[in-house]
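The primary structure of each chain is shown beneath.
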Amino acid sequence: MMFSVGTDIVAISRISEELAERILSEEEKKIYNSFKSVKRKKEFVAGRFAAKEAFIKAYGEKNLDFKKIEFLKDENGKPIPGKKLKKLLNDIELQVSISHEKEYAIAVVIVLRRDEK
């Protein structure tokens, strides 16, 4: 068994509508569109961007489509892998944590492999 960790931090001020369109899956866009304020929308995109970057670092493969690295949320709001990401994972488990604070969003992803890559 092997695990790897990825982390990323994003300045929320860098987030644009164009970035949201480029990186969010259709299911993530539903969550994004449910927010009323521009501030909350930017926080969401920054958090998802950081989580996707952290996943790429932990997973160890750089040429992944950001829209397939999908983080949705459970009934308590905890980020969880969506269907598209689960298809990539096969026998891999992951944990993700996303936080926002004033100007920044940060994410940490832990990937647990049952067999070594």
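Summarised in this report is the structure supplied together with it. Computed from a predicted structure; not experimentally measured.

1. Notes on a nonpolar patch on the surface
Moving on, step 1. A contiguous nonpolar surface patch, about 350 Å² in accessible area, is contributed by F3, V5, V108 and I110.
Moving on, step 2. Elements with a minimum of two residues in the nonpolar patch: β1 (2–11) and β5 (104–113).
Moving on, step 3. Here I110 lies in strand β5.
Moving on, step 4. Classification of I110 as partly exposed rests on a relative accessible area of 36%.

2. Some thoughts on the environment of E43
Moving on, step 1. Tracing the backbone shows E43 in helix α3 (residues 38–59).
Moving on, step 2. Using a relative accessible area of 13% as the deciding quantity, one classes E43 as buried.
Moving on, step 3. Spatially, the C-alpha atoms of E43 and E17 are 12 Å apart, while their sequence positions differ by 26 residues.
Moving on, step 4. When near neighbours in sequence (up to four residues on either side) are disregarded, E43 contacts I12 and H100.

3. Description of the packing of aromatic side chains
Moving on, step 1. Tallying each qualifying case throughout the model produces three aromatic pairs.
Moving on, step 2. Ring geometry for F35 versus F44: centroids 5.5 Å apart, planes at 55°, classification tilted.
Moving on, step 3. Among the residues examined, F35 registers a relative accessible area of 15% and is labelled buried.
Moving on, step 4. By relative accessible area, F44 is classed as buried at 3%.
Moving on, step 5. For the pair F55 and Y59, a centre-to-centre distance of 5.0 Å together with 20° between the ring planes defines the contact as stacked.

4. A look at unusual backbone geometry
With the exception of glycine, most residues fall at negative phi, and the peptide bonds are largely trans.
Moving on, step 1. Phi angles above zero are rare outside glycine, and K102 is one such case at about 50°.
Moving on, step 2. With respect to the element layout, K102 can be found in the loop between β4 (92–101) and β5.
Moving on, step 3. The exposure class assigned to K102 is exposed, which follows from its relative accessible area of 71%.

5. Describing the side chain of S4
Moving on, step 1. Mapped onto the elements of the fold, S4 is located in strand β1.
Moving on, step 2. Among the polar contacts made by the side chain of S4, one reaches the main-chain carbonyl oxygen of A58 at a distance of 2.5 Å.
Moving on, step 3. Setting aside residues no more than four positions away along its own chain, S4 makes contact with A58, V109, I110, V111 and R113.

6. Here we look at a positive patch on the surface
Moving on, step 1. Together, K68, K83, K84, K86 and K87 make up a region of like positive charge exposed at the surface.
Moving on, step 2. Within the secondary structure layout, K83 lies in helix α4 (residues 83–89).
Moving on, step 3. Assessed through its relative accessible area of 71%, K83 is described here as exposed.

7. A few points about the sheet that holds β5
Moving on, step 1. Strand order in the open sheet made by the three strands is β1-β5-β4, with antiparallel pairing throughout. Every other strand in the sheet has two partners, leaving β1 and β4 as the edge strands with one partner each. Put simply, the sheet's adjacent strands are angled 10° from each other on average, direction ignored.
Moving on, step 2. Examined bridge by bridge, β4 and β5 share 10 bridges and lie antiparallel to one another. Residue I98 lies in a different strand from β5, and its bridge partner there is A107.
Moving on, step 3. Here α3 sits on the sheet and contacts β1, β4 and β5; the angle it forms with β5, its principal contact strand, is near 35°.

Cut-offs and rules
- Residues numbered from 1 in each chain as written.
- Predicted model: local features only at pLDDT ≥ 70, side-chain atom pairs only at ≥ 80, totals over all residues.
- Heavy atoms only, no water.
- Patch = residues over 30% accessible without salt bridge, like charges linked within 9 Å, V, L, I, M, F, W, Y side chains within 5 Å.
- Areas by Shrake-Rupley, 256 points an atom, 1.4 Å probe, with all protein chains shown as cover.
- Salt bridge = Lys/Arg side-chain N within 4 Å of Asp/Glu carboxyl O.
- Helix = DSSP H or I, 4+ residues; strand = E, 2+ residues; numbered from the N terminus.
- Buried < 20%, exposed > 50% of the residue type's maximum accessible area, 1.4 Å probe, protein only.
- Contact = heavy atoms within 4.5 Å.
- Phe/Tyr/Trp six-rings, centres within 6.5 Å; stacked < 30°, edge-to-face > 60°.
- Polar contact = N/O pair within 3.5 Å; in protein donor to acceptor, adjacent residues only side chain to side chain.
- Lys, Arg positive; Asp, Glu negative; His and termini not counted.
- Charge placed at Lys NZ, Arg CZ, Asp CG, Glu CD.
- Pairing = 2+ DSSP bridges.
- Axes fitted to C-alpha atoms, helices over the stretch in contact; angles between N-to-C directions.

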